[in-house]
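Read off the chains here:
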Amino acid sequence: QVHLVESGGGLVQPGGSLRLSCAASGSISSINGMGWHRRAPGKERELVAIISRGGTTNVAESVKGRFAISRDNAKNAVYLQMNNLRPEDTAVYYCTAEVNFDQVVSDYWGQGTQVTVSS
């Protein structure tokens, strides 16, 4: 019904930057919250950042000052600008969206994109 596709991951050196993008498509009336989670090797998924439809953001303490989340409602897209990357940021990053369709709200997850921070 709804597909979220991430892009922009890759290999980057410590201190470098990456910009992740995610676009949602399918049966969508509107999207409420959107965000990014990540799962590092051997760890549980953790919240990285979320953004409401109105633009209110909530960013994890571990990435505050380094990561910024934004969205384009017209494109059903969400972005994650990642600066000053650290090895501990290495993880699979997942895009999430709270989708409203015919007054039914459901959460959807993308397949994930790999971010590797290494010298």
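Residues numbered from 1 in each chain as written. Predicted model: local features only at pLDDT ≥ 70, side-chain atom pairs only at ≥ 80, totals over all residues. Heavy atoms only, no water.

**Q** Describe the sheet that holds strand β3 (residues 18-26), naming the residues involved and giving the relevant values.
**A** Spatial ordering of the open sheet is given by β1-β3-β8-β7, a layout of 4 strands whose pairing is antiparallel. Unpaired on one side and paired on the other, β1 (2-7) and β7 (67-72) mark the two borders of the sheet. Strand-to-strand twist in this sheet, taken as the mean axis angle between neighbours without regard to direction, amounts to 15°. With 6 bridges connecting them, β3 and strand β8 (residues 77-82) associate as antiparallel partners. (Pairing = 2+ DSSP bridges. Helix = DSSP H or I, 4+ residues; strand = E, 2+ residues; numbered from the N terminus. Axes fitted to C-alpha atoms, helices over the stretch in contact; angles between N-to-C directions.)

**Q** Tell me about the pattern of salt bridges, and please be specific about residues and values.
**A** Evaluation of the coordinates by the stated rule reveals 4 salt bridges. Where Glu46 meets Arg38, a salt bridge forms, and the shortest distance between an N and an O atom there is 2.7 Å. Of the charged contacts, one joins Lys64 and Glu61 as a salt bridge, the two residues approaching to 2.9 Å between their closest N and O atoms. Using a relative accessible area of 63% as the deciding quantity, one classes Glu61 as exposed. Look at the salt bridges and you will find they share partners, linking Arg38, Glu46, Arg66 and Asp89 into a network. (Salt bridge = Lys/Arg side-chain N within 4 Å of Asp/Glu carboxyl O. Buried < 20%, exposed > 50% of the residue type's maximum accessible area, 1.4 Å probe, protein only.)

**Q** Talk me through unusual backbone geometry; I want residue IDs and the actual numbers.
**A** Positive phi is not limited to glycine here, since Asn84 has a value of about 50°. Relative to the assigned elements, Asn84 resides in the loop between β8 and β9 (91-101). At Asp102, a position not held by glycine, the phi torsion is positive, near 50°. Inspection of the secondary structure puts Asp102 in the loop between β9 and β10 (104-109). For Asp102, a relative accessible area of 57% corresponds to the exposed category.

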